Amino acid sequence: MAVTSRGLEGIVASTTRLSDVRGDIGQLIYAGYDINELASKVSFEEVIHLLWHDRLPNRSELKFMEEQLRTSRELPEGVIEFIQHAPKDALPIDVLRTAVSMLGLYDQDLIGEDPLDLNRARAKSITAKVGVIVAYFHRIRQGKSLPPIRTDLGEAAHFLYLITGEEPGPEAVKTLDTAYVLHADHGFNASTFSARVTVSTLTDMYSAVTSAVGTLKGPLHGGANEEVIHMLQEIGSIENVDAWIHEKLRQKQKIMGIGHRVYKVLDPRAPHLKAMAIKLTEELGESKWIAMSERIAEIMFKEKGLNANVDFYSATVYYSLGIPTDLFTPIFAIARTAGWVGHVLEQLSDNRLFRPSSEYVGHTPGKKVVPIDQR
Ligand code: ACO
């Protein structure tokens with residue numbers, strides 16, 4: 001008999017080799033490696049290779065991957081023109097969603113090759129371009145010039161260089177690179193699932209990533225990191241935390257960055273981001289953000305048994321790096337693109353259309369149409 005599961009909770013929709021979210025024990029695995037093993041030891045580019053090829057690269061494979069990403073960064077002229085003409089007050093995540101869709105219009109160069117190679121080329125091209133799109137829009141909305149694309153910087157360093165126009169420091173690069181590693185994939189989360197559903201109709205990769213960006217944007221998913229900073233700013237100081245949180249809970253409102261569908265214990269990414277946030281805020285002399293965050297997490301665990309998720313401390317990490325709040329979710333998207341396109345390739349390698357059933361709770365069938373002027 002068919003089972004109804006609201007929000008598909010507990011439903012195993014397909015198989016994947018990319019990552020495993022073990023919610024009961026708070027473990028995240030990328031292709032056999034615990035995220036705690038990867039977080040301090042490998043770069044984002046190594047993780048991309050791991051997700052797309054099911055193993056970590058050797059030196060020459062990593063060099064090849066890095067070169068391919070670095071030489072795929074230039075945006076088509078038409079996409080740059082769109083970014084230049086987008087409303088300056090548009091949300092960067094919306095600009096990214098639309099620009100990813102537009103990339104599909106300029107894909108002719110890749111036409112005519114073997115379909116798998118083509119999709120691998122698209123995966124690299126999209127992954128290489130998402131950071132450039134976000135950074136270019138950020139520059140343009142500030143009325144600043146577009147720094148030339150460079151090929152001597154890794155993904156994290158290049159993004160920081162583009163948004164600031166300056167050579168990024170090694171600490172900032174390491175921090176963002178680790179954040180990218182932690183955000184790269186996460187099982188059948190909502191945005192990844194939407195990418196897989198989209199491409200399961202055998203549409204193209206641009207459509208799948210466009211769906212994914214739109215899905216990530218929502219505050220119950222990747223949009224939560226931006227809401228966390230808004231919340232901390234609204235609370236203002238450690239003295240206000242208890243009253244603010246209790247009032248929100250009394251009003252049955254959700255506290256952003258807290259809770260998770262799959263993790264019933266601590267999200268394993270959160271301690272890494274928390275440690276990074278503590279270090280950065282201490283360096284900036286702004287430790288109040290962490291003190292407030294810790295108090296919020298403490299109250300939420302005591303009152304609701306809920307833990308902080310990946311978005312809770314990543315918000316403070318990006319804030320401390322001087323990144324504007326509305327770039328937080330786009331940064332999440334930049335990192336998660338590696339997972340999205342990896343899942344698209346995996347879905348296409350053994351595709352079956354996603355088409356769940358629904359439980360009909362409407363009127364009893366048998367109604368007759370009453371002529372319109374008698375209704
Ligand atoms: N604040 C307050 N209460 C919460 C929260 C929260 N953040 N999260 C869950 N709850 C409560 C709900 O109110 C509900 O309580 P009730 O049973 O008394 O009504 C119960 O916990 C279950 O909540 P659901 O929303 O049904 O749980 P679900 O598994 O659907 O939600 C979700 C998971 C969406 C992440 C939820 O915890 C949430 O909204 N969190 C805040 C938004 C957020 O941080 N999202 C980012 C998630 S991580 C990511 O996507 C990258």
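In this text the structure is predicted, and so the values were computed from the model without any measurement.

1. Details of the overall build of the protein
Then, number 1: Tallying secondary structure elements over the protein gives 16 helices and three strands in all.
Then, number 2: Over its C-alpha atoms the protein spans a radius of gyration of 22 Å, differing by no more than 12% from the 21 Å that the globule rule assigns to 375 residues.
Then, number 3: Split into buried and exposed, the 375 residues of the protein put 52% on the buried side.
Then, number 4: The contacts of the protein with a sequence gap of at least 6 include a subset with a gap of at least 24, amounting to 75%.
Then, number 5: Carbon together with sulfur atoms contributes 53% to the accessible area of the protein, which is approximately 18,400 Å² in total.
Then, number 6: Counting 41 positive and 48 negative side-chain charges, the protein places the centres of these two groups 6 Å from one another.

2. Details of the site of the ligand
Then, number 1: With respect to spatial proximity, 20 residues lie near the ligand, and among them His221, Lys254, Ile255, Ile258 and Arg261 are the closest.
Then, number 2: Interatomic distance of 2.8 Å between a side-chain N/O atom of His221 and an oxygen atom of the ligand.
Then, number 3: Between Asn309 and the ligand, the recorded distance is 2.9 Å, taken from a side-chain N or O atom to an oxygen atom.
Then, number 4: Considering the ligand on its own, with 900 Å² of exposed area, one finds that the protein chains cover 68% of that surface.
Then, number 5: Looking at the shell around the ligand residue by residue, the classes come out as 10 nonpolar, six polar and four charged.

3. Considerations on the side chain of Arg139
Then, number 1: Structurally, the position occupied by Arg139 is in helix H6 (residues 115-141).
Then, number 2: Residues in contact with Arg139, not counting those within four places in the same chain, are Lys144, Ser145, Leu146, Pro147, Leu162, Ile163, Thr164 and Gly165.

4. What to know about the domain arrangement of the protein
Then, number 1: Per the domain assignment, the segments of the protein are domain 1 (19-218 + 326-349) and domain 2 (224-320).
Then, number 2: For domain 1 and domain 2, the distance between their C-alpha centroids amounts to 26 Å.
Then, number 3: Contact residues are listed per partner, giving 28 residues for domain 1 and 24 residues for domain 2.
Then, number 4: In total, about 1,900 Å² of surface goes out of reach between domain 1 and domain 2, with carbon and sulfur atoms giving 65% of it.
Then, number 5: Linking domain 1 with domain 2 are one salt bridge.
Then, number 6: Put simply, domain 1 and domain 2 have eight residue pairs in polar contact (both at pLDDT 80 or more) between them.
Then, number 7: Element by element, the count of residues in the side of domain 1 that touches domain 2 is highest for helix H8 (residues 170-183), at seven residues.

5. Topic: the pattern of salt bridges
Then, number 1: Within the structure shown, the criterion is met by 21 salt bridges.
Then, number 2: Of the charged contacts in the structure, one is a salt bridge between Glu294 and Lys274, with a shortest N-O distance of 3.2 Å. With Glu294 in helix H14 (residues 288-304) and Lys274 in helix H13 (residues 269-284), this pair connects stretches of sequence that are 20 residues apart.
Then, number 3: Members of the salt-bridge network, linked through shared partners, are Asp94, Arg97 and Lys217.

6. Re the packing of H8 against H13
Then, number 1: Interhelical geometry of H8 versus H13 gives an angle of 165 degrees and a closest axis separation of 10 Å. Our classification of the angle between H8 and H13 gives roughly antiparallel. As H8 runs across H13, the sense of the crossing is left-handed. Residues Glu171, Thr175, Thr178, Ala179, Leu182 and His183 of H8 pack against Arg269, His272, Leu273, Met276, Lys279 and Leu280 of H13.
Then, number 2: For the contact of H8 with H13, a count of residues per class yields five nonpolar, four polar and three charged.

Conventions and cut-offs
- Residues numbered from 1 in each chain as written.
- Predicted model: local features only at pLDDT ≥ 70, side-chain atom pairs only at ≥ 80, totals over all residues.
- Heavy atoms only, no water.
- Helix = DSSP H or I, 4+ residues; strand = E, 2+ residues; numbered from the N terminus.
- Rg over C-alpha atoms; globule rule 2.2 N^0.38 Å.
- Buried < 20%, exposed > 50% of the residue type's maximum accessible area, 1.4 Å probe, protein only.
- Contact = heavy atoms within 4.5 Å.
- Areas by Shrake-Rupley, 256 points an atom, 1.4 Å probe, with all protein chains shown as cover.
- Lys, Arg positive; Asp, Glu negative; His and termini not counted.
- Charge placed at Lys NZ, Arg CZ, Asp CG, Glu CD.
- Near = heavy atom within 4 Å.
- Polar contact = N/O pair within 3.5 Å; in protein donor to acceptor, adjacent residues only side chain to side chain.
- Nonpolar A, V, L, I, M, F, W, Y, C, P; charged D, E, K, R; others polar.
- Domains from an automatic or database assignment.
- Buried area = accessible area lost by both parts, 1.4 Å probe.
- Salt bridge = Lys/Arg side-chain N within 4 Å of Asp/Glu carboxyl O.
- Axes fitted to C-alpha atoms, helices over the stretch in contact; angles between N-to-C directions.
- Parallel < 35°, antiparallel > 145°, perpendicular 65-115°, else oblique.
- Left-handed = near helix turned anticlockwise from the far one by under 90°.

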